[in-house]
Amino acid sequence: MKICMIGSGYVGLVSGACFSDLGNTVTCVDINKDIISNLNKGIVPIFELGLQELVIRNLKQKRLFFSNDVSNSIKRSDIIFICVGTPTKKNNNADLKYVYNVVKKIKSNLNKYKIIVTKSTVPVTTGDKIEKILNTKYNKNKFDVVSNPEFLREGEAIRDFQYPDRIVIGTNSHKANKIMKNLYLPLIKKGSRYINTSRRSAELIKYASNAYLATKITYINEMANICEKLNIDVHDVATGMGLDERIGSRFLRPGPGFGGSCFPKDTRALISTSNKFNTNLSIVKTVIQSNDNRYKLLINRISKILKNKFKNRKITFLGVTFKAGTDDMRESPALKLIPKLLKKGAIINYYEPTGSKKEFISKKIMCNSNIHDACKNSELIIIHTEWNEFKQLNFKKINKNKNLKVFDMRNLYSPSEMLKSKIKYFGVGR
Ligand code: UGA
């Protein structure tokens, strides 16, 4: 099939490369000239395991193309995926200006029947609005507007594309459903579930899933808080809960709070939608509030660990992105923690496997290119993300300070092993 992905950011690029790998002819379009010229040379602008190899392979096979020419790419394709960003506006609504700019372009270039698919996360009823806009110029048999939400995690996106738990296609059109099912056939044949729903249902499935996962994380984080008071290990609780198949064990890892480009933005946008339709999503509201305030509890823990003495004390962060496997800083808990610690007088060093971050350019923050330098002479090491390279550290070797303390926000180490090694170790919820 001939496919066009409009927007060559995270979603468009990963999905486009994966669709081309399934044998389709895919053009990834973007208005940014540098991104497209680099992609044509096989240079990928984002950090995602395996993506560069996939892009290069399919470029060579002449199944994957990159272009700035939106109009011609639309004309030449049968299926157009809208993959542009939907950032949060000041009023917490999702900003749909990029989506509607694309719709305008499609409207001027609809030369034959096409399926227009929203892969960007868009509020419920956006598909209805897109259809209405196109209807002002074209008859209904000239196009179908379909919702096909993505469920890709950063750092695992290619695997998530190739082995999805489910493929959701929101459309009432038999014709469009048949074509979409055919597009995903190689994945369905490998065992992925395919469901066809109404367009509005598909749009809500995306938000409901993200908000539910955010709730699960927040729930275990709050359980971790009570475990700390009762001398219980939250992992025993998570294991005991997770073995109940109705609950499931995934996304029950406590940590510094959820961040990234999706959960914070999507939970807020879901609340905006619920307000618009006069419904009180009280659970999601509480989840947002609890997660927004989580950094205060963590700062209190750090205060206790350091006996409230911060002035000129060196604190090292291992990892500053919102999680391991990505270079993404969006809504990372470190963006709240580090400025607070600086304000209290601490000196911050950090080591980040994906390199230094522009968010932390300050005289009092130092980025080190290796773990050893970052941890040297530090009084407190904070493990902020769960990269493999943080999982087997010899703390005694990397820091000679007898008084060294380790605050492991991802619970990568065993408290009893750390006790044996005489390291002052603090985890989350244990
Ligand atoms: C999330 C969803 O998992 C994807 O299914 C979805 O497609 C994507 O958003 C999106 O809407 O585009 P992502 O934001 O890449 O993916 O990252 P996750 O792995 O879900 O982690 C989100 C946050 O939750 C991170 O800050 C992570 O550290 C935290 N988390 C996750 C926990 O604290 N505990 C857990 O058990 C799991």
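Just so it is clear, the model here is predicted, and its values are computed rather than measured.

### Describing the overall build of the chain
- Counting secondary structure elements, the chain contains 17 helices and 14 strands.
- Relative to its length of 430 residues, the chain is compact, with a C-alpha radius of gyration of 24 Å against a globular reference of 22 Å.
- Burial statistics for the chain: of 430 residues in total, 53% are counted as buried.
- In the form shown here, the chain has an accessible surface area of approximately 20900 Å², with 52% of it arising from carbon and sulfur atoms.

### Section: the domain arrangement of the chain
- Once the domains are mapped, the chain shows domain 1 (2-197) and domain 2 (232-430).
- Placing a centre on the C-alpha atoms of domain 1 and another on those of domain 2 gives a separation of 34 Å.
- For the pair domain 1 and domain 2, the summed buried surface comes to about 1300 Å²; carbon and sulfur atoms form 46% of the total.
- A per-residue breakdown of the area domain 1 buries against domain 2 is headed by F47, N92 and E154, which together make up 44% of the total.
- Linking domain 1 with domain 2 are 1 salt bridge, by the criterion used here.

### Digging into the site of the ligand
- The full set close to the ligand counts 20 residues, and E150, E154, K206, N210 and R253 are the nearest of them.
- Between the ligand and E154, the relevant distance is 2.7 Å, taken from an oxygen atom to a main-chain nitrogen or oxygen of the residue.
- Within the backbone of G259, an N or O atom sits 2.9 Å from an oxygen atom of the ligand.
- At the level of secondary structure, the elements contributing two or more residues to the shell around the ligand comprise α10 (199-230) and α12 (263-276).

### Describing the environment of Y10
- Relative to the helices and strands, Y10 resides in helix α1 (residues 10-21).
- Given a relative accessible area of 16%, Y10 falls into the buried group.
- The spatial distance from the C-alpha of Y10 to the C-alpha of V406 is 34 Å, given a sequence separation of 396 residues.
- Excluding residues within four positions of it along the chain, Y10 makes contact with I46, E48, R153, E154, G155 and A157.
- Here G155 takes part through its backbone nitrogen, which lies 3.3 Å from a polar atom of the side chain of Y10.

### Some details on the sheet that holds strand β12 (residues 380-383)
- With respect to topology, 6 strands assemble into an open sheet ordered β11-β10-β9-β12-β13-β14, the strand pairing being parallel. Every other strand in the sheet has two partners, leaving β11 (365-368) and β14 (424-426) as the edge strands with one partner each. Taking each pair of neighbouring strands and ignoring which way they run, the sheet shows an average axis angle of 20 degrees.
- Here strand β9 (residues 314-318) pairs with strand β10 (residues 347-351) via 5 bridges, running parallel. Among the inter-strand pairings, K314 is bridged to a residue of β10, identified as I347.
- In the packing of helix α13 (residues 282-305) onto the sheet, contacts are made with β12, β13 (405-408) and β14, and the angle to β13 comes to roughly 165 degrees.
- The strands touched by helix α14 (residues 334-343) are β9, β10, β11 and β12; relative to β9, the strand with the most contacts, the crossing angle is about 170 degrees.

### Digging into the packing of α12 against α13
- Across the interface, α12 lies against α13 with an axial gap of 10 Å and an inter-helix angle of 145 degrees. Between α12 and α13 lies a crossing whose hand is left-handed. Contacts from T267, R268, L270 and I271 of α12 reach α13 at V284, K285 and I288.
- Classifying every residue of the contact of α12 with α13 gives 4 nonpolar, 1 polar and 2 charged.

### Digging into the packing of α13 against α14
- Where α13 contacts α14, the axes come no closer than 10 Å and their chain directions differ by 40 degrees. In terms of orientation, α13 and α14 fall into the oblique class. Note that α13 runs across α14; the crossing there is right-handed. Residue-level inspection shows D292, Y295, L298, I299 and I302 of α13 in contact with α14, the latter providing K336, L337, K340 and L341.

### Points about the environment of E359
- Position of E359 among the secondary structure elements: in the loop between β10 and β11.
- Given a relative accessible area of 38%, E359 falls into the partly exposed group.
- Sequence spacing of E359 and L335 is 24 residues, and the spatial spacing of their C-alpha atoms is 7.9 Å.
- Ignoring sequence-local partners within four residues, the contact set of E359 consists of M329 and L335.

### Points about the layout of surface pockets
- Taken as a whole, the second largest pocket holds about 330 Å³ of empty space.
- Along its surface, the second largest pocket is lined by N225, E228, K229, R294, L297, L298, N300, R301, K304, I305, F426 and V428.
- Of all the elements in the fold, those that place two or more residues in the lining of the second largest pocket are α10 and α13.
- Partitioned by chemical class, the residues of the lining of the second largest pocket number 5 nonpolar, 2 polar and 5 charged.

Cut-off values and rules
Residues numbered from 1 in each chain as written. Predicted model: local features only at pLDDT ≥ 70, side-chain atom pairs only at ≥ 80, totals over all residues. Heavy atoms only, no water. Helix = DSSP H or I, 4+ residues; strand = E, 2+ residues; numbered from the N terminus. Rg over C-alpha atoms; globule rule 2.2 N^0.38 Å. Buried < 20%, exposed > 50% of the residue type's maximum accessible area, 1.4 Å probe, protein only. Areas by Shrake-Rupley, 256 points an atom, 1.4 Å probe, with all protein chains shown as cover. Domains from an automatic or database assignment. Buried area = accessible area lost by both parts, 1.4 Å probe. Salt bridge = Lys/Arg side-chain N within 4 Å of Asp/Glu carboxyl O. Near = heavy atom within 4 Å. Polar contact = N/O pair within 3.5 Å; in protein donor to acceptor, adjacent residues only side chain to side chain. Contact = heavy atoms within 4.5 Å. Pairing = 2+ DSSP bridges. Axes fitted to C-alpha atoms, helices over the stretch in contact; angles between N-to-C directions. Left-handed = near helix turned anticlockwise from the far one by under 90°. Nonpolar A, V, L, I, M, F, W, Y, C, P; charged D, E, K, R; others polar. Parallel < 35°, antiparallel > 145°, perpendicular 65-115°, else oblique. 1 Å grid on protein atoms, 1.4 Å probe; cavity = no way out; pocket = protein on both sides within 12 Å on 5 of 7 lines; lining within 4 Å. Points joined across faces, edges and corners; volume = space filled by probe spheres on them.

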